[in-house]
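The chain contents come next:
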Amino acid sequence: LMQGIISFLTGPSLEAKILRDNFVFKIVPMLNPDGVIVGNHRTSLGGFDLNRHWKEPSRQLHPTIHAAKEMIRELRMQRDVCLFADLHGHSKKANVFMYGTDSLGGGSSGPGGESGDGAASGGLAGWA
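Summary of the structure given here. Predicted model only: the values in this text are computed from it and were never measured. (Residues numbered from 1 in each chain as written. Predicted model: local features only at pLDDT ≥ 70, side-chain atom pairs only at ≥ 80, totals over all residues. Heavy atoms only, no water.)

1. Quick notes on the overall build of the protein chain
- Of the regular secondary structure elements, the protein chain holds 5 helices and 0 strands.
- Along the protein chain, helices (α) and strands (β) appear in the sequence α-α-α-α-α when read from the amino end.
- For the protein chain, with 128 residues in total, the buried portion stands at 20%.
- Accessible surface, the protein chain: about 9400 Å² in total, of which carbon and sulfur atoms supply 57%. (Helix = DSSP H or I, 4+ residues; strand = E, 2+ residues; numbered from the N terminus. Buried < 20%, exposed > 50% of the residue type's maximum accessible area, 1.4 Å probe, protein only. Areas by Shrake-Rupley, 256 points an atom, 1.4 Å probe, with all protein chains shown as cover.)

2. Notes on the pattern of salt bridges
- Counting across every chain of the model gives 2 salt bridges.
- Linking Asp 21 and Lys 17 is a salt bridge whose minimum nitrogen-to-oxygen distance equals 2.7 Å. Here Lys 17 and Asp 21 lie together in helix H2 (residues 14–22), a separation of 4 residues that amounts to about one turn.
- Taking the shortest distance from any N to any O, the salt bridge between Glu 70 and Arg 73 comes out at 2.7 Å. Taken together, the residues Glu 70 and Arg 73, both in helix H4 (residues 63–78) and 3 residues apart, mark about one turn of the helix. (Salt bridge = Lys/Arg side-chain N within 4 Å of Asp/Glu carboxyl O.)

3. Topic: the packing of aromatic side chains
- On inspection of all chains with the given rule, the structure shows 1 aromatic pair.
- Measuring from centroid to centroid gives 5.3 Å for Trp 54 and Phe 84, while their planes differ by 25°, and the two rings are stacked. Residue Trp 54 is located in the loop between helix H3 (33–36) and H4, and its partner Phe 84 is located in the loop between H4 and helix H5 (123–127); the two are separated by 30 residues in the primary sequence.
- A residue is classified by how much of its surface remains accessible, and Phe 84, at 36% relative accessible area, is partly exposed.
- One Lys or Arg, Lys 69, reaches over the ring of Trp 54 and ends 5.9 Å from the middle of that ring. (Phe/Tyr/Trp six-rings, centres within 6.5 Å; stacked < 30°, edge-to-face > 60°. Lys NZ or Arg CZ within 6 Å of the ring centre and 35° of its normal.)

See below:
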């Protein structure tokens, strides 16, 4: 999936050029390389499922999440962040799925109560 996204964004198509001309892409290929090197799929070397520590990461225990959040905070001071996407497999979900943040600005929610506009209405700000 990630290779396809990178190939498309760096490719010669008009659509990719328009995206590159109008948006800044920050791609972090892996947030648990220390865990992957020892065979972990979802956890860091310390055994932490980093997705469960996104809201308040420790600089010492979850350094990659802490650094990613700092990068997003700094970027938000320079420009609007339109989308933050975490692309990976899930331990219990199959096929394609999407989670979103809760809307902090009282925005609308999807049919199942999920927020469809988290980043646009401030949901990203609550996590970054």
